[in-house]
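Architecture at a glance
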Amino acid sequence: MATTIAGPEATQADIEQVRRAYGLDRPLAVQLADWAGHAVRGDFGQSFYFRKDVSSLIVERMPTTFRLGVFGMLVGLALALPLGILAALYEGRFIDRAIQLLISANQAVPSFWLALMLIIVFGVHLGWLPTTGADSWRHFIMPTLVLGLSVLPALARLARSGMIKALASDYVRTARAKGLSSFSIIVKHALRNAAIPIVAIAAVQFGNALGGSVVIESVFALHGVGHLAWESIIKSDVAVIQATVLMFSIIYVVITFISDVMNAMLDPRIRLS
């Protein structure tokens, strides 16, 4: 790291001076303890590549990553719920198998490859959408679609299994016996109960989406935290890498905890004291 900071033409004396200046001459355990002590206070040090405070870098770039994550989850849910419901309604038939095949094929496609194909088709050949940057909502269309499709398989499969279980329950049979419409049975009764595990997994998938934004932001040159992490890895900017990994980990833990609480609140079998 000291060699990277000092530059390719630095002498050994220059490298040793950098090591002392950044505390790299100390034992690794001491460096880690010192970093953790400062991180608890929100001080992640200085980026040697960007020449800025690491905390300010993350604060500047977090809105882009957060917008991408929220839009991607909305797209994923908007596609997964209808597909899951439709597959459940036609369980074991052609439509169900076709949807499951489509979901499996989507899961097999790497996000970076799909992103490149969208750029080639809609950005280069057709010229409909911008390929890089985050200046307007149009810049988020392709990245949002890629991220939404990446979370689609888990959400669609869970929606399908939840709806199959809900449609076979006693309360749905009672609702049918009362002569309620199919729309009312599906939306007001079956989907409401099937949504309990979907809410939990959607929150977890949101955390995964934020972490997975590294690839998507890099391909589309969206200057969010994911792109910041990628740049820092390329430049061996350890301070930024440590901060971004810690931030994504904390977000994932917090979101998972919130999803568990929401799941408990929605599940009628669980009563929170």
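You'll find the structure just up there.
I will try to describe carefully the structure that is included in this document.

Reading the values: the criteria
- Residues numbered from 1 in each chain as written.
- Predicted model: local features only at pLDDT ≥ 70, side-chain atom pairs only at ≥ 80, totals over all residues.
- Heavy atoms only, no water.
- Helix = DSSP H or I, 4+ residues; strand = E, 2+ residues; numbered from the N terminus.
- Buried < 20%, exposed > 50% of the residue type's maximum accessible area, 1.4 Å probe, protein only.
- Contact = heavy atoms within 4.5 Å.
- Areas by Shrake-Rupley, 256 points an atom, 1.4 Å probe, with all protein chains shown as cover.
- Phe/Tyr/Trp six-rings, centres within 6.5 Å; stacked < 30°, edge-to-face > 60°.
- Expected span 1.5 Å × (residues − 1).
- Arc of directions from axis to C-beta.
- Axes fitted to C-alpha atoms, helices over the stretch in contact; angles between N-to-C directions.
- Parallel < 35°, antiparallel > 145°, perpendicular 65-115°, else oblique.
- Nonpolar A, V, L, I, M, F, W, Y, C, P; charged D, E, K, R; others polar.
- Left-handed = near helix turned anticlockwise from the far one by under 90°.
- Polar contact = N/O pair within 3.5 Å; in protein donor to acceptor, adjacent residues only side chain to side chain.

1. A few points about the overall build of the protein
Scanning the protein for helices and strands turns up eleven helices and zero strands. Along the protein, helices (α) and strands (β) appear in the sequence α-α-α-α-α-α-α-α-α-α-α when read from the amino end. Counting over 273 residues, the protein shows a buried share of 40%. Look at the contacts in the protein between residues 6 or more apart in sequence, and 69% of them connect residues 24 or more apart. If you sum the accessible surface of the protein, you get close to 15,100 Å²; carbon and sulfur atoms cover 66% of it.

2. Structural notes on the packing of aromatic side chains
For the structure shown, the criterion picks out two aromatic pairs. Relative to Phe140, the ring of Phe71 has its centre 6.2 Å away and its plane inclined at 85 degrees; by these criteria the two rings are edge-to-face. Note that Phe71 is positioned in helix α4 (residues 54-89) and Phe140 in the loop between α6 (111-125) and α7 (141-167), a separation of 69 residues in sequence. For Phe140, a relative accessible area of 6% translates into the label buried. A centroid spacing of 5.9 Å and a plane angle of 40 degrees characterise the contact between Phe122 and Trp128, whose relative ring orientation is tilted. Taking relative accessible area as the criterion, Phe122 reaches 27% and is therefore assigned partly exposed.

3. With respect to unusual backbone geometry
The phi dihedral of Ala221 falls on the positive side, at around 55 degrees, and the residue is not glycine. Positionally, Ala221 belongs in the loop between α9 (182-220) and α10 (225-235).

4. Here's the deal with the environment of Gln100
Along the chain, Gln100 turns up in helix α5 (residues 94-108). When its relative accessible area of 34% is taken as the criterion, Gln100 is described as partly exposed.

5. Topic: α5
An α-helical segment advances 3.6 residues per turn. Residues three or four places apart therefore align on the same side. Helix length check: α5 (15 residues) gives 21 Å between terminal C-alpha atoms against 21 Å at 1.5 Å per residue, within 8%. Listing the buried residues of α5 in full gives Asp96, Ile99, Ile103 and Asn106. An end-on view of α5 places all buried positions within 95 degrees of arc, on one side of the element. The exposed residues of α5 that point more than 90 degrees off its buried face are Phe94, Arg97, Leu101 and Ala108. Next to the buried residues of α5 lie α4 and α7.

6. Details of the packing of α4 against α10
Each pair of packed helices can be described by the angle between their axes along with the distance between the axes. Two numbers describe how α4 lies on α10: the axes approach to 7 Å, and their chain directions differ by 125 degrees. Relative to α10, α4 is oriented oblique. Residues Leu57, Ile58, Arg61, Met62 and Thr65 of α4 pack against Val225, Gly226, His227, Leu228 and Glu231 of α10. Residue composition of the contact of α4 with α10, by class: five nonpolar, three polar and two charged.

7. As for the environment of Met163
Inspection of the secondary structure puts Met163 in helix α7. Residues Met163 and Leu81, 82 residues apart in the sequence, show an inter-C-alpha distance of 9.8 Å. Excluding its chain neighbours within four sequence positions, the residues that come into contact with Met163 are Ile85, Ala88, Ile186, Ala190, Leu191 and Ala194.

8. Description of the packing of α4 against α5
Contact geometry for α4 and α5: axes closest at 7 Å, N-to-C directions at 145 degrees. Helix-helix and strand crossings are classified by hand; for α4 and α5 the assignment is left-handed. Within the contact between the two elements, α4 uses Leu83, Leu86 and Ala87 and α5 uses Ile95, Asp96 and Ile99. Among the residues forming the contact of α4 with α5, the class breakdown is five nonpolar, no polar and one charged.

9. Concerning the side chain of Thr65
Mapped onto the fold, Thr65 is located in helix α4. Residue class for Thr65 comes out buried when judged on its relative accessible area of 0%. Looking at Thr65, its side chain comes within polar contact range of the side chain of Glu217, at 2.7 Å. With residues near it in sequence (within four places) discarded, Thr65 still touches Leu210, Ser213, Glu217, Gly224, Val225 and Gly226.

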